[in-house]
Amino acid sequence: MSLLTGFEQPIDQSQHAFRLILKALSEPGYTVTLQGGPVWGALNAASTAALLTLADQETPIQLCEAFKSEQVLTNIRFHSGAPLAAQPEEVCFALFDTQLQAADLLALPHGSEISPEFGATVIVQLNGLEQGTPLRLTGPGIERQRQVSPQLPPALLDFLINRPLRFPLGLDILLTCGDRLLALPRTTRVEVC
């Protein structure tokens, strides 16, 4: 399997992508564009850029079946060094497509009351960040409220609205489409408009 390119200018592009991802996480519902990221197989440019920026040898990842091609696995190993998680409780980053199920979300680490930061970050590739169910976001990083309408899988929409885990437990969600990314951290309250 041939290696695909990572960032053309790894230091500058990963620093720029890191700042944009932090902006998206600190301002939930705000969409950022991660330009210049490569596309590896079924992974879109924003998902690939997020992995190149955030994943490393100490952050085991989980991929849904649609992303588990030899091409994707080889390039993740080569460019980031991130291993595949052997057990669900080891996962730091999980990548899913629109076939995401409730059991997938519940199997991931959600942190603990003492260490909520050990909850997984979930990257979900969507068909669109608009024209889905209208949602109202409130919480830290949002002055009053923000409205978004990503095309969420039903299981993720239910998870975000019903919050099966008591705060501060939870998952940080990164939604991607093409080279765009929108974040819904565990601190964000989500309601259907």
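The preceding data block contains the structure.
The model shown is predicted, which means the values in this text are computed figures rather than measured ones.

Peer 1: Explain the nonpolar core residue by residue, including any values.
Peer 2: The biggest cluster of nonpolar side chains holds 56 residues, and the ones touching the most others in it are Leu 34, Ile 76, Leu 156 and Leu 175. No other element matches the five residues that helix H2 (residues 45-54) contributes to this core. The contact partners of Leu 156, leaving out residues within four places of it in the chain, are Leu 100, Leu 105, Val 124, Ile 173 and Leu 175.

Peer 1: Outline the pattern of salt bridges, listing residues and values.
Peer 2: Side chains carrying opposite charge are able to pair once their charged atoms draw close together. Scanning the model with the defined rule gives eight salt bridges in all. With its nearest N and O atoms 2.8 Å apart, the salt bridge here joins Lys 23 to Glu 27. The partly exposed category is assigned to Lys 23, whose relative accessible area is 30%. A salt bridge links Glu 65 to Lys 68, with the nearest nitrogen and oxygen atoms 3.5 Å apart. On the basis of relative accessible area, Lys 68 is assigned to the partly exposed category, the value being 40%.

Peer 1: Please give an account of the sheet that holds strand E5 (residues 135-138) that cites residues and values.
Peer 2: Judged by pairing direction, the sheet is antiparallel, and its three strands sit side by side in the order E6-E5-E9 without closing on themselves. The two strands at the open ends of the sheet, each matched to only one other strand, are strand E6 (146-148) and strand E9 (189-192). Averaged over all pairs of adjacent strands, the angle between strand axes in this sheet comes to 30°, irrespective of strand direction.

Peer 1: Can you lay out the environment of Pro 154 for me, pointing to particular residues and giving the numbers?
Peer 2: Along the chain, Pro 154 falls in helix H5 (residues 154-162). Accessibility expressed as a relative area gives 68% for Pro 154, which makes it exposed. For the pair formed by Pro 154 and Ala 102, sequence separation is 52 residues and the distance between their alpha carbons is 8.7 Å.

Peer 1: Give a description of the sheet that holds strand E2 (residues 61-63) that names residues and reports values.
Peer 2: Read from one edge of the open sheet, six strands run E1-E8-E7-E4-E3-E2, paired in mixed fashion. Lying at the two open borders of the sheet, with one neighbouring strand each, are strand E1 (31-33) and E2. Geometrically, the sheet is characterised by an average inter-axis angle of 20° between neighbouring strands, direction not taken into account. Where strand E7 (residues 172-177) and strand E8 (residues 180-184) come together, five bridges link them in antiparallel fashion. Paired with Leu 175 across the bridge in E8 is Leu 182. The strands touched by helix H1 (residues 10-26) within the sheet are E1, E7 and E8, with E8 carrying the most contacts at an inclination of about 40°.

Peer 1: Break down the pairing of strand E4 (residues 121-125) for me, citing the residues and quoting the values.
Peer 2: Of all five residues in E4, five are buried, a share of seventy percent or more. Here four bridges tie strand E3 (residues 93-96) to E4, and the two strands are oriented parallel to one another. When the sheet's bridge partners are listed, Phe 96 is paired in E4 with Val 124. Viewed along the sheet, the connection from E3 through helix H4 (residues 102-107) into E4 turns out right-handed.

Peer 1: Before we move on, can you summarise empty space enclosed by the protein with the specific residues and values?
Peer 2: To find leftover empty space, a probe the size of one water molecule is rolled over the atoms. If you walk through the whole model with that rule in mind, you get one cavity of 30 Å³ or more. Its volume calculated, the largest cavity comes out at about 130 Å³. A class-by-class count of the residues in the lining of the largest cavity yields nine nonpolar, two polar and two charged.

Peer 1: Now, about H1: what can you tell me, with residues and values included?
Peer 2: In this model H1 runs 24 Å from its N-terminal to its C-terminal C-alpha over 17 residues, within 8% of the 24 Å that 1.5 Å per residue would give. If you check which residues of H1 are buried, you get Gln 13, Ala 17, Leu 20, Ile 21 and Ala 24. Around the axis of H1, the buried residues are gathered within 100° of arc, so they sit on the same side. Away from its buried face, by an angle of more than 90 degrees, H1 presents the exposed residues Ile 11 and Arg 19. Buried residues along H1 sit in contact with E1, H2 and E8.

Conventions used here
- Residues numbered from 1 in each chain as written.
- Predicted model: local features only at pLDDT ≥ 70, side-chain atom pairs only at ≥ 80, totals over all residues.
- Heavy atoms only, no water.
- Core = buried A, V, L, I, M, F, W, Y, C linked by side-chain atoms within 4.5 Å.
- Buried < 20%, exposed > 50% of the residue type's maximum accessible area, 1.4 Å probe, protein only.
- Helix = DSSP H or I, 4+ residues; strand = E, 2+ residues; numbered from the N terminus.
- Contact = heavy atoms within 4.5 Å.
- Salt bridge = Lys/Arg side-chain N within 4 Å of Asp/Glu carboxyl O.
- Pairing = 2+ DSSP bridges.
- Axes fitted to C-alpha atoms, helices over the stretch in contact; angles between N-to-C directions.
- Right-handed = clockwise from strand over helix to strand, strands pointing away.
- 1 Å grid on protein atoms, 1.4 Å probe; cavity = no way out; pocket = protein on both sides within 12 Å on 5 of 7 lines; lining within 4 Å.
- Points joined across faces, edges and corners; volume = space filled by probe spheres on them.
- Nonpolar A, V, L, I, M, F, W, Y, C, P; charged D, E, K, R; others polar.
- Expected span 1.5 Å × (residues − 1).
- Arc of directions from axis to C-beta.

All we've got here are geometric facts, nothing functional implied.
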